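Analysis of the macromolecular model
Below are the chains, spelled out letter by letter.
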Amino acid sequence: EEARRFMRYATQLYEQFALQDQETLARYIILLERTINRNNVEREQLQEEVTRMKDDMEKLNKDDIHSQVAATSPSAASPAVLTAAAHTSVAAHAARGDEAGAEADSGSS
């Protein structure tokens, strides 16, 4: 009888500890799932930011290329820009007293 009572007590303790272990594992699993989900959301946000930054960089590169082409190619520049550049050049020559150069610059535009 005493041996049976001892076995029953030992079984109850074993089951109680097993149940506590299962609860601990369940809490740990939930914590890991939350951490994984949080990391996935953060990774997606970072990936979206990287994509947006790459798009911005490509746009800036295209704009920079267009502005370089406009600056180096007179045919690509607008008439207003060319007129302003011609006036600036004439004013610079006049300030130096180089009227012949100023006339040549103003005649070329």
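Computed from a predicted structure; not experimentally measured.

A few points about the overall build of the protein chain
- Counting secondary structure elements, the protein chain contains three helices and zero strands.
- The order of α-helices and β-strands along the protein chain, N terminus first, is α-α-α.
- Burial statistics for the protein chain: of 109 residues in total, 6% are counted as buried.
- By element, 58% of the accessible surface of the protein chain is carried by carbon and sulfur atoms, the whole surface being about 9700 Å².

Focus: the confidence of the model for the protein chain
- Looking at the protein chain as a whole, its pLDDT mean stands at 78, while 65% of the residues score no less than 70.
- The spread of mean pLDDT over the elements of the protein chain runs between helix α3 (residues 99–108), the lowest at 45, and helix α1 (residues 2–72), the highest at 93.
- Note that pLDDT drops below 50 for residues 98–106; the model gives that stretch eight contacts with residues more than four away or on any other chain.

A few points about a nonpolar patch on the surface
- Residues Tyr-28, Leu-31, Leu-32 and Ile-36 make up a contiguous nonpolar surface patch of about 390 Å² in total accessible area.
- Tracing the chain through its elements places Leu-32 in helix α1.
- Overall, Leu-32 belongs to the partly exposed group, its relative accessible area being 36%.

Thresholds, definitions, all that
Residues numbered from 1 in each chain as written. Predicted model: local features only at pLDDT ≥ 70, side-chain atom pairs only at ≥ 80, totals over all residues. Heavy atoms only, no water. Helix = DSSP H or I, 4+ residues; strand = E, 2+ residues; numbered from the N terminus. Buried < 20%, exposed > 50% of the residue type's maximum accessible area, 1.4 Å probe, protein only. Areas by Shrake-Rupley, 256 points an atom, 1.4 Å probe, with all protein chains shown as cover. pLDDT = per-residue confidence, 0-100. Contact = heavy atoms within 4.5 Å. Patch = residues over 30% accessible without salt bridge, like charges linked within 9 Å, V, L, I, M, F, W, Y side chains within 5 Å. Salt bridge = Lys/Arg side-chain N within 4 Å of Asp/Glu carboxyl O.

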